[in-house]
Amino acid sequence: MPDESRTFYELMRAQGTSRRSFLKFCSLTAAALGLDPIYATRIAHAMETKPRIPVLWMHGLECTCCSESFIRSGHPLARDVILKMISLDYDDTLMAAAGHQAESILDEIPRKYKGRYILAVEGNPPLNEDGMYCIVGGKPFVEKLKAVAADAMAVIAWGACASWGCVQAARPNPTAATPIDKVITGKPIIKVPGCPPIAEVMTGVITYMVTFGRLPELDARGRPLMFYGQRIHDKCYRRPHFDAGEFVETWDDEGAREGYCLYKMGCRGPTTYNACSTTRWNGGVSFPIQSGHGCIGCAEDNFWDNGPFYQRLSHIGAGFGIEATADEVGAVVAGAAGAGILAHAGASVVKHMRGKPPSDDAARHSGDEGDRP
């Protein structure tokens, strides 16, 4: 088992990393987390002084896409997170140990580091048939999950499966697949939804916890605000087309070739909170909307049951603080322009009248001036 007493910095130096490269890493990490440059110093101090945090990464009902995403993190690199920043003591997908040797770790770490380890959960527990739809190491996953969570300092729910239930919990949900926050109580739970989550979001959450020794600020649903504080729609590069009422009507029409908004093709960007439109995927290369496909809302609850993926959403506002529906946005823009002209005209009348005596001629003159915007 790795030596958790060694710090991140000690491990980097032992592997030949220079002081200059270490400080550059801290600066880039601060930037990746959206922090001011001054926080690079705090990150460096944390990496130099704090021992690595033991992490137990458990798997329930899932497809392992969260792990697949995690190992593709570009900054920080997944290898740096796993080998230097944390002590990943258990992960039945990545670990070399197997059988009784692997399962004994789930008893040893909670006993040795009570209240000082993180439980990361990928997937969810099924509750029907006493949990028999998911057996790990000869025991129902739900039993092992509760036991390991009991002494954890915090729990991370990786992906839509652990956070909301995802496809396993979609109707009719015969196994009674259940989000982990419905099973684990009395522990802080950080939800990192997505199917899968963005790699840098996953490593960013861990980096924040290691650096500052606390949970990141969460929204009302338990998601880190630094990554889930805005809708994809809010920072989407196609947003100006939405506000202008310019939409793709059919796949590969002229609007699609011009990069118009995909709302009418079922894009869930207006109702989905995630960092896709800012952090993007594959090292910041692209995200689904940029590739020509609407957002399917995989970071939101019940996205499998929220209607066909290519059916437009209803009652989603458009533009200027989202006051009107997409079909009305053209009229809103036109109305706003007309209102602006009238307001300017009215202001001109008032301004002119304040400087003139209230005679009929002056009033007529003011009206003539006001007619010209």
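Worth saying up front: this structure is predicted, and the values here are computed from it rather than measured. (Residues numbered from 1 in each chain as written. Predicted model: local features only at pLDDT ≥ 70, side-chain atom pairs only at ≥ 80, totals over all residues. Heavy atoms only, no water.)

J.: Looking at this structure, how should I read the pairing of strand 3 (residues 118-122)?
T.: Summarising burial for strand 3: 5 of the 5 residues are buried, a large majority. Across the two faces of strand 3 the burial is the same, with Ile118, Ala120 and Glu122 and Leu119 and Val121 all buried. Relative to strand 3, strand 1 (residues 53-59) runs parallel, the two sharing 5 bridges. Counted as the bridge partner of Leu56 is Leu119 from strand 3. Relative to strand 6 (residues 154-158), strand 3 runs parallel, the two being bridged by 5 bridges. By the bridge assignment, Leu119 is partnered in strand 6 with Val155. (Buried < 20%, exposed > 50% of the residue type's maximum accessible area, 1.4 Å probe, protein only. Helix = DSSP H or I, 4+ residues; strand = E, 2+ residues; numbered from the N terminus. Pairing = 2+ DSSP bridges.)

J.: Would you explain the pattern of salt bridges in this entry?
T.: Opposite charge on two side chains permits them to pair, given that their charged atoms come into close proximity. For the structure shown, the criterion picks out 12 salt bridges. With a closest N to O distance of 3.0 Å, Lys191 and Asp181 form a salt bridge. Residue Lys191 is found in strand 7 (residues 189-192), and its partner Asp181 is found in the loop between helix 9 (159-163) and strand 7; the two are separated by 10 residues along the sequence. Since its relative accessible area comes to 25%, Asp181 is described here as partly exposed. The salt bridge involving Lys264 is made with Glu249; its shortest N-O contact spans 3.3 Å. With Lys264 in the loop between helix 13 (254-257) and helix 14 (276-279) and Glu249 in the loop between helix 12 (239-243) and helix 13, this pair connects stretches of sequence that are 15 residues apart. (Salt bridge = Lys/Arg side-chain N within 4 Å of Asp/Glu carboxyl O.)

J.: Is there a simple way to explain the packing of aromatic side chains in this structure?
T.: Here the structure, examined in full by the defined rule, presents 11 aromatic pairs. Measuring from ring centre to ring centre gives 5.1 Å for Phe303 and Trp304, while their planes differ by 35°; the resulting arrangement is tilted. You can call Trp304 partly exposed: its relative accessible area is 37%. (Phe/Tyr/Trp six-rings, centres within 6.5 Å; stacked < 30°, edge-to-face > 60°.)

J.: Please clarify how the sheet that holds strand 1 should be interpreted in this entry.
T.: Working definition: the strands of a sheet are paired by backbone hydrogen bonds and lie parallel or antiparallel to each other. In space, the 5 strands of this open sheet follow the order 2-1-3-6-7, with parallel pairing throughout. Here the strands that pair on one side only, and so sit at the sheet edges, are strand 2 (86-91) and strand 7. Pairwise comparison of adjacent strand axes, ignoring direction, gives a mean angle of 20° for this sheet. In this structure, strand 1 lies alongside strand 2, joined through 5 bridges in parallel fashion. Each bridged residue has a counterpart across the sheet, and for Val55 the counterpart in strand 2 is Leu88. Sitting on the sheet, helix 7 (residues 105-112) touches strand 1 and strand 2, and the angle it makes with strand 1 is about 145°. (Axes fitted to C-alpha atoms, helices over the stretch in contact; angles between N-to-C directions. Contact = heavy atoms within 4.5 Å.)

J.: Could you clarify how one ought to interpret helix 10 (residues 199-212) in this entry?
T.: Residues lying three or four places apart along an α-helix face the same way, a consequence of the helix completing one turn every 3.6 residues. Between its first and last C-alpha, helix 10 extends 20 Å over 14 residues, near the 20 Å set by a 1.5 Å rise per residue. Of all the 14 residues making up helix 10, 14 are buried; the element is thus mostly covered by neighbouring parts of the structure. The positive-phi residue at the C-terminal boundary of helix 10 is Gly213, with phi of around 65°. (Expected span 1.5 Å × (residues − 1).)

J.: Would you explain the nonpolar core in this entry?
T.: The nonpolar side chains of a soluble globular protein tend to be buried, and buried together. Ranked by size, the top nonpolar core spans 52 residues in total, and within it Ile156, Trp158 and Ile206 carry the most contacts. In terms of residues, this core owes the most to one element, helix 10, which gives 6 residues. Ignoring anything within four residues of it in the chain, the contact list for Ile156 reads Ile118, Leu119, Ala120, Val121, Ile190, Val192, Val205, Ile206 and Met209. (Core = buried A, V, L, I, M, F, W, Y, C linked by side-chain atoms within 4.5 Å.)

J.: What am I meant to see in the side chain of Ser69 here?
T.: In this structure, Ser69 sits in helix 4 (residues 65-70). Owing to a relative accessible area of 8%, Ser69 belongs among the buried residues under this scheme. Among residues more than four places away in sequence, those in contact with Ser69 are Pro196, Pro197, Ile198, Ala199, Met202 and Trp281.

J.: I'm lost on the environment of Cys276 in this one. Help?
T.: If you trace the backbone, Cys276 turns up in helix 14. Taking the C-alpha atoms as reference points, Cys276 and Ile232, separated by 44 residues in sequence, lie 6.3 Å from one another. Aside from chain neighbours lying at most four places away, what touches Cys276 is Ile198, Ile232, Trp281 and Phe287.

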